[in-house]
Amino acid sequence: MRTAAAEGINPSRRRCLRVLACAWLFGPAALAAAAGAAPAPVQATPLPAPQGRPLLRVRGAISVHNTAEGAAAFDRTQIDALPVETIRTRTPWTDGVVAFEGPMLTDVLARVGAEGRMLELTALNGYVAQVPVEDAERYRPVLALRADGHTLGVRERGPLWLIYPWDDFAELRTESIYRRAVWQLSEIVVEP
Amino acid sequence: MSRRSLLAYVPLLAAVLVLVLGLFTVLLGLRSQQIEQRRDFRDDLIYFAAQFSREANVFERLFAAAARGERIDPEAMSVAFDVLWSRVGGAFQGALGKVYRELPDGEATALAGRALLAEIEPVLASVGPGDPALAPLQARLLLLIERLNNLVREASRFQQAQVEARRDTFESSYARALLMLGAAVLAGALLVLLLLRRQRALDALRRELEAHVAERTAALARVNADLREEINWRRRAHEAIRKLSLALEQSPAAVVITDPDGVIEYVNARYAQASGQSALAAVGTRLVLAHAGGVDPLARARAGGSWQGEVQLDSAGGGERWQNLSVAPVRADDGRITHLLVIQEDITRRKHDESQLLWRAHYDELTGLPNRVLALDRLGQAMRSIERGARGALLFLDLDNFKAINDRLGHDVGDRVLREVAGRLGGAVRAEDTVARFGGDEFLVVLPRIDDALEVERIIERMSKAVAEPLRLGEHELFTGFSLGAALFPDDGREPYALLKAADTAMYAVKAEGRAGFRFYTGRLNQLAHERARIESALRVALVRNEFMLVYQPVFDAGGKALVGAEALLRWRNPEFAEVPVDRWIRIAEESGAIVEIGDWVLRRACEEAAAWVDAQPSLRISVNLSARQLRENHFPGRVLEILAGSRLPPANLVLEITERLLLADDGGTREAIATLEGAGVRFAIDDFGTGYSSLAMLKRLPSGMLKLDRSFIADLERDASSGALVEGAITMARALGMKVVAEGVETEAQRAFLATHGCDFLQGWLFSRAVAAADFAARFIGRPPRPARALVVVPIADAVRR
């Protein structure tokens, strides 16, 4: 897990990891100090079993899971625990600019230690869309929980809606990307 | 079409190209937009409607099951309901919702759906499965689905219509754009074509115009040039006439025009000036010209001929004058002689200049002597005309301190020195010789014919004496001499320059020796051979002429106090050869054999003179130098004894000095002669010991011998430690052999002290006395105590040579 985290992360973080490695060798006090010094918002640590009704299930090529079937299930609390990002954008399905808030798809993937290239997103209405993991890295879409401060219910295309920053990237305003904007998202399958 | 006009089309063509490209781009854009739009609209709207229907179906199936009384997972039911709800909501939101609502029955269906869902919501929450309230709602749901299905079809149709409408619009605009493009291209092409044609026409026009203009310009230029030329010609003609008359009037030559009889009609200013007559006075008088070589020039002209020549006039003012006279008839068009033209030009100066030039070309201006050109010319003549077997000479002189005189006293004095020297040289040579100035302070003397080298020397001698006389120039009294190189012809060169080079080389050899003198190019050999012959002949008669005399160099003991003997030295009193070193003429005497006779005289004379002194001082030893030649004479020992007997000098008082070389080259005769004489009591001394192959074995042959240390060792005593060691060694060795040692050339007290300390027996040299004549010797050294050496007056006598 440590090596996985080391890859694709900026050099300063990698240096921290090296410090950590040293700390692991030289003692817990140093470890504590090093850990305190390195801000690590999302850590691939074990995920507890969801307490409430799961909002999202992630399965497939992941290394962190909390269900018997080897999937990672998030209840609302667990989702809320992830860092929140806001994307202000217009969409074909809404009026005006809407501030969508929610965890970044990358953070969710990182939380479960996903290692794959393609994601298959399934919605409550049975809609399925393929989303490349690359999208998550490049455009940093969010799994919107709220729009303009209101929590999205199923009636408002919630509880999770994959929102791209369409207004920030012209190349996103195409049919193929719109199709990836799955609302009423219920499950992500990470395909290796 | 010119390149320039072509260039002018580039922006135009570029503009057309840009336009075409722009239109093409727009077309492409339209096309791609069409494709994109087609997909967007059809797919989205149809999909929206289809999903709407699908979601409604999902819910209806669950709802129907519940209506049938089956137990349904409330969660699933709720989700399906909410999903449907969200779809209905979607119909009223966003761009997609707007498109959807534009479908026929789209909005109504959505509104109906919303109303139905609003009715179903409370029922779902309150009633359980199988409730009769559900059935009507289910029927309405199915109805809604029916409408939705219709909507899907409608959407599809609508979409199709929309797309077609758009495609039509698109295609028509596409076609329009294409048309526009074609029109633009066509217009552009037409424009270009038109412009090209216009340009070509313009070009042709311009060319034509240019040609025309060029033609006209050329014609004008021609006319212009013709005109200018004519004007110039006229101006020149006018100018020429003006100049001619002016020239005539102002001509430096005197011009006279007379009628055929010689009556003056015109004279120019120069004539008036030269004749002392005014022009007015001259006109009307008859011209009289000097006859030249018996020809009357005027008569000649009158007869139709012209005459031109140089005429010498006697001027009243004295001095001869020269005139260049030309007389020519002037004829009218019919050939009749109307006038005579007389031109007189005074060429006295030119004549003078010519002779001056000629003179300058061959003479040196400063000294009046021939210059090198003339000198070499004369040398060449002499060399060419020399008879077979005869000789001539070229002397090359360089004044020795001329540069110093010039530098110190100025060029003025230098020039006077040169003139004076030139005069003296001229006076010293024979009438047939040429003294010339070569340049600077160098002179050449050409002796066209000489009998022998002696004659050359005599001439050089005369010149040398003449130049050596002090020069009195104002307050200065100067002395000068020259270095001279002589070359003989034909011996040293058959061509003037070769000879000049030879003489020059010889002169520089003299200069290189650093003293005034002269030298023959062929080197000393020639000169010496000649001199030698003269010396030889002079020596043969010297005895008869009583030119020899003996001088005596006293020999002292080591203390320098007691006189122990004297060395007899031969002198030749001959005015001609006073300068010839003793060594040289002695050698000549030896080689010629004259030495035998001379040696005999010396021996006899020395013995005779010494005999008287020995009477007064019995221990006195008189040394006489012997030549090898003498020793080798068959009867030499007998002759010596005969002389001793004749002079009554005891043999023991005679020392015969021989060289060590003589001992080395020993033959039986010599050794026998020495032995005989030794037997008789005569002593021998080795002269110049140390200068040759000093050999111990040799010394042993002289039991009664003495060693004479060469003066060169003595001179080096104070300078050179090795000389001291050598002298010391020689003395030690001589003593070991029982020989006495005599040191020659003792000049200082230090040398004496050294020699005395190291056991040298006898000393001679200037420290004690120079060689003196017999009478002086007797007066100064015989019968009275010798004076202290240092008290002697040192008289600088030129002859400082031994013997």
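These figures come from a predicted structure and were not determined experimentally.

Turning our eyes to something else, we now look at the overall build of chain B. Looking only at helices and strands, chain B has 27 helices and 21 strands in total. Residue burial in chain B is summarised as follows: out of 803 residues, 41% are buried. A separation threshold of at least 6 residues defines the contact pool for chain B, and within that pool the share at least 24 residues apart is 65%. Just so you have it, chain B exposes about 42,400 Å², and 56% of that area is on carbon and sulfur atoms.

What follows is about the pairing of strand β11 (residues 482-489) of chain B. All names here are of chain B. For β11, a buried count of eight out of eight residues is recorded, marking the element as mostly surrounded by other parts of the structure. Here β11 shows no split at all, with Phe482, Leu484, Ala486 and Leu488 on one side and Ser483, Gly485, Ala487 and Phe489 on the other all buried. Note: β11 against strand β12 (residues 517-520), four bridges, orientation parallel. Within β12, the residue paired with Gly485 across the bridge is Arg519.

Attention now moves to the interface of chain A and chain B. Between chain A and chain B, the residue contacts involve 17 residues of the former and 22 residues of the latter. For the pairing of chain A and chain B, the buried interface totals around 1,600 Å² over both sides, and the portion due to carbon and sulfur atoms is 44%. A per-residue breakdown of the area chain A buries against chain B is headed by Asn125(A), Arg155(A) and Glu175(A), which together make up 40% of the total. On the surface where chain A and chain B come into contact, there are three salt bridges.

Attention now goes to the confidence of the model for chain A. Confidence in the prediction of chain A, expressed as mean pLDDT, is 78, and 77% of residues score 70 or more. Within the model, pLDDT remains below 50 along residues 1-42 of chain A, and this stretch shows 19 contacts once partners closer than five positions in the same chain are excluded.

Residue Pro159(A) is bonded to the preceding Gly158(A) through a cis peptide linkage, with omega at 0°. Tracing the chain through its elements places Pro159(A) in the loop between β9 (150-151) and β10 (161-163). Cis geometry marks the peptide bond from Phe489(B) to Pro490(B), where omega comes out at 5°. Mapped onto the elements of the fold, Pro490(B) is located in the loop between β11 and α15 (496-513). At Asp148(A), a position not held by glycine, the phi torsion is positive, near 50°. On the secondary structure map, Asp148(A) appears in the loop between β8 (146-147) and β9. Within the chain, Asp105(B) stands out as a residue other than glycine whose phi angle is a positive 70°. With respect to the element layout, Asp105(B) can be found in the loop between α4 (94-102) and α5 (106-126).

Definitions and cut-offs
Starting from 1, residues in each chain are numbered consecutively following that chain's sequence as written. Here chains are named by letter from A upward and ligands by number from 1 upward, in the order in which they appear as written. Only residues with pLDDT of 70 or above have their local features reported here, since the model is predicted, and side-chain atom pairs are shown and tallied only from 80 upward, although totals for entire chains, interfaces and linings are computed over all residues. Excluded from the side-chain calculation are hydrogens and water; included are all heavy atoms of the structure. Numbering of helices and strands runs from the N terminus, with a helix taken as a DSSP run of H or I at least four residues long and a strand as a DSSP run of E at least two residues long. Between buried and exposed lies partly exposed: a residue is buried under 20% and exposed over 50% of the maximum accessible area for its type, with that area taken using a 1.4 Å probe on protein chains only. Pairs of residues are marked as contacts when any of their non-hydrogen atoms sit within 4.5 Å. Where accessible areas are quoted, they stem from the Shrake-Rupley method and a 1.4 Å probe; at the residue level, only the protein chains shown are allowed to cover. Paired strands, as defined in this entry, are two strands with at least two bridges between them according to DSSP. Note on terms: buried area is the combined drop in 1.4 Å-probe accessible area of two parts once they are placed together, counting the loss on both. Salt bridges, as used here, are contacts in which a Lys or Arg side-chain nitrogen is within 4 Å of a carboxyl oxygen on Asp or Glu. What pLDDT expresses is the predictor's confidence in each residue, scored from 0 to 100.

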